[in-house]
Amino acid sequence: MGFEATTWLFKPCYNYFFNASTGVYHLVIFKMTTFYPGPSQIYPEVADYMQDAYNSGILLQNHRSDQGMALLKETVTLLREKLNIPANFDIYFTTSGTECWEIISQSIPAENYLHFINGGFGQKWFEYSKKLAVKNCESISYGINEALPNVKIKADSIVCLTQNETSNGTQITMPQLAQFDLENCLVAVDTVSSMGGIELDWTLADIWLTSVQKCFGLPAGLGIMVCSPKVKHVAKQFNSDNHYNSLLNIDKNMALFQTVNTPNILGIFLLNRVLKQSPNIKITDERLKLQAKKWYDFFENNNKFELFCQNKAVQSNTVIVVKGEKDNIEKLKQKTEKEGLILGNGYGIWKDNTFRIANFPAIDPNEIERLMHCISTF
Ligand SMILES: *Cc1c(COP(=O)(O)O)cnc(C)c1O
């Protein structure tokens, strides 16, 4: 009788070591963990939740059935409870973070869009807004070691911020966001690599968008939008309803706990189950902050690699980006991979001289210790 693949508690990875003094090869089996910041490490419990989804029959249900609506309703309630989302904010399901970018510009074709950009994802979002019907689409760039620049903004602008820039490991903290004068604007915030990992102050912006393959520890294919009451009001003024996924259409369906199109029911089921097992975001936020500090201290004391962002005030809590010589990075990746630890490649223009380490909730702290050991002995 051998081991069945399904009896493993984790995806195993193996290697052979040759002991020269005994002349014996040893087979060593260890866990495999990805530190890629998306798609990223999935909670091990998800394997069982997938089986539960199949067994429960929910995957065969129409999304306008009682069972489908009950699942959506419960999942929205769980998001509200676990992430402390105010009762008057709307929660919508989409298919991805990128789709959320598009939903905003096609549903709210305002005169002025202003994007603040300091990295690859902020830049991508700006490109999409420019292509979509927006008249005056402008951008302000700022450096990776700088805080968000406080500039005077035209009234009624749509301000687009990337709260956690996954490409370079920087963040806009909640106190920094609070300092910013955004009174007369509609503020949209990309939190794709932070929602579910850090505590957000929902009252500081109007649209918060994310997807589940990063901090929620789930497979890709589901996006989430959290909107203040102002968003619906503004969308109604523009009455832009030509797209199947317009905010107005999404909202009309969500009032019945339904979605416009057949949604990713498996994704919503898995989100529901993962939220049930998760503590309140306050607890996760504290844990990740301590863990991030460990990583930052670790690289401050490393002589081969250094932190890409040096300004502590803007360093991300969920994505650690590290700089080094191309050759060293290549060799380090090979070393960690042999131990089943996958580092994230650098992103865009920083591809060759940086690597990224996700500090997401689903990553086992023992695996972080293992990666730290592997890097410190490099
Ligand atoms: C990953 C990521 C996206 C893209 O999300 P998708 O769900 O793949 O569309 C957008 N913004 C940021 C900051 C990201 O990290």
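Analysis parameters
Within each chain, residues carry numbers counting from 1 in the order of the written sequence. Local features in this predicted model are restricted to residues whose pLDDT is 70 or higher, and side-chain atom pairs enter the listing and the counts only when it is 80 or higher, whereas totals over whole chains, interfaces and linings include all residues. With hydrogens and water set aside, each side-chain value is computed from the structure's full complement of heavy atoms. Helix and strand assignments follow DSSP, with helices taken as H or I runs no shorter than four residues and strands as E runs no shorter than two, numbered in order from the N terminus. Whether a residue is buried, partly exposed or exposed follows from its accessible area with a 1.4 Å probe, protein chains only, as a fraction of its type maximum: under 20%, in between, or over 50%, in that order. When checking whether two residues touch, look at their non-hydrogen atoms; a contact exists if any pair is within 4.5 Å. Note that His is not counted, nor are the chain ends; the positive residues are Lys and Arg, and the negative ones are Asp and Glu. Positions of charges follow a simple convention, taking NZ of Lys, CZ of Arg, CG of Asp or CD of Glu. What makes a residue near a molecule or strand is one non-hydrogen atom of that residue sitting within 4 Å of it. Under this definition, polar contacts are N or O atom pairs within 3.5 Å; protein pairs additionally need one hydrogen-donor-capable and one acceptor-capable atom, and for neighbouring residues in sequence, both atoms have to be side-chain atoms. Throughout, the Shrake-Rupley method with a 1.4 Å probe supplies accessible areas, and for residues the shown protein chains are the sole cover considered. The criterion for strand pairing is that DSSP finds at least two bridges linking the strands in question. Note on definitions: salt bridges are taken to be side-chain nitrogens of Lys or Arg within 4 Å of carboxyl oxygens of Asp or Glu. Under the pairing criterion, centres of Phe, Tyr and Trp rings, with the six-membered ring standing for Trp, must be within 6.5 Å; the plane angle then separates stacked pairs below 30 degrees from edge-to-face pairs above 60, leaving the rest tilted. With axes taken as lines fitted to C-alpha atoms, and helix axes fitted only over the stretch in contact, angles between N-to-C directions fall between 0 and 180 degrees.

**Q** Looking at this structure, I do not really get the overall build of the chain. What am I missing?
**A** Regarding its fold elements, the chain presents eleven helices and 17 strands. Considered along the principal axes of its C-alpha atoms, the chain spans approximately 80 × 50 × 35 Å. Within the chain, buried positions represent 53% of all 378 residues. Residue pairs in contact within the chain that sit at least 24 positions apart in sequence constitute 70% of those at least 6 positions apart. Averaging the positions of the 35 positive and the 38 negative side-chain charges in the chain gives two centres separated by 2 Å.

**Q** Before we go on, may I ask you to explain the site of the ligand in this structure?
**A** Not every one of the 13 residues close to the ligand is listed here, only the nearest: T98, T166, D190, S211 and K214. Between the ligand and T166 there is a distance of 2.4 Å, counted from an oxygen atom to a side-chain nitrogen or oxygen. Note that a nitrogen atom of the ligand is positioned 2.7 Å from one of the side-chain N or O atoms of D190. Contact with the protein chains removes 87% of the 380 Å² of surface that the ligand exposes when unbound.

**Q** What is the right way to look at the pairing of strand β14 (residues 319-323) in this model?
**A** Looking along a regular strand, one sees the side chains alternate between the two faces of the sheet. Burial of β14 is extensive: four of the five residues sit out of reach of the surface. Pairing geometry for strand β13 (residues 306-307) and β14, over two bridges, is antiparallel. Within β14, the position partnered with L307 by the bridge is V322. The pairing of β14 with strand β17 (residues 354-358) spans five bridges and is classified as antiparallel. Bridge pairing in β17 places K323 opposite T354.

**Q** Please explain the pattern of salt bridges as it appears in this structure.
**A** Think of it this way: side chains of opposite charge can pair up when their charged atoms draw near. Taken as a whole and assessed by the stated rule, the structure comprises 15 salt bridges. Ionic pairing is found between D52 and R273, a salt bridge with its closest N-O pair at 3.0 Å. Of this pair, D52 sits in helix α1 (residues 46-56) while R273 sits in helix α8 (residues 265-277), placing them 221 residues apart in sequence. Among the residues examined, R273 registers a relative accessible area of 25% and is labelled partly exposed. Between E369 and K294 there is a salt bridge, and its shortest N-O distance comes to 3.4 Å. Residue E369 is found in helix α11 (residues 365-376), and its partner K294 is found in helix α9 (residues 281-300); the two are separated by 75 residues along the sequence. A relative accessible area of 46% means that K294 is categorised as partly exposed. Connected via shared salt-bridge partners are D90, K232 and D251.

**Q** Is there a simple way to think about unusual backbone geometry in this case?
**A** Glycine aside, a negative phi is what most residues show, and trans is what most peptide bonds show. The residue after G38, namely P39, is reached through a cis peptide bond having omega -10°. Within the secondary structure, P39 sits in the loop between β3 (33-34) and α1. In this model, N239 sits at a positive phi of 45°, which is unusual for a non-glycine residue. As for its position among the elements, N239 is in the loop between α6 (229-238) and α7 (247-254). Residue N239 is classed as exposed on the basis of its relative accessible area of 54%. Phi at F257 takes a positive value of approximately 55°, unusual for a residue other than glycine. Checked against the element boundaries, F257 lands in the loop between α7 and α8.

**Q** It is not clear to me how the packing of aromatic side chains should be interpreted in this structure. Could you clarify?
**A** To describe a pair of aromatic rings, one takes the distance between the centres and the angle between the planes. Scanning the entire structure with this criterion turns up 13 aromatic pairs. With 4.8 Å between their ring centres and 45° between their planes, F18 and Y25 make a pair best called tilted. For F18, a relative accessible area of 48% translates into the label partly exposed. A relative accessible area of 60% places Y25 in the exposed class. With a centroid separation of 5.7 Å and 15° between ring planes, the pair formed by W295 and F299 is classed as stacked. With W295 and F299 both in helix α9 and four residues apart, this pair spans about one turn of that helix. Connected via pairs of aromatic rings, a cluster forms that spans W295, F298, F299, F305, F355 and F378.

**Q** Please clarify how the sheet that holds strand β11 (residues 207-211) should be interpreted in this entry.
**A** Strand pairing in a sheet relies on backbone hydrogen bonds. The paired strands run either parallel or antiparallel. Strand order in the open sheet formed by seven strands is β4-β12-β11-β10-β7-β5-β6, with mixed pairing between adjacent strands. For this open sheet the edge positions go to β4 (90-94) and β6 (136-141), each flanked by a neighbour on one side alone. On average, adjacent strands in this sheet sit at an angle of 20° to one another, irrespective of strand direction. Strand contacts of α6: β4, β10 (186-190), β11 and β12 (223-227), with the helix running at about 115° to β10, the strand carrying the most contacts. The strands that α7 touches are β4 and β12; relative to β4, the one it contacts most, it runs at about 110°.

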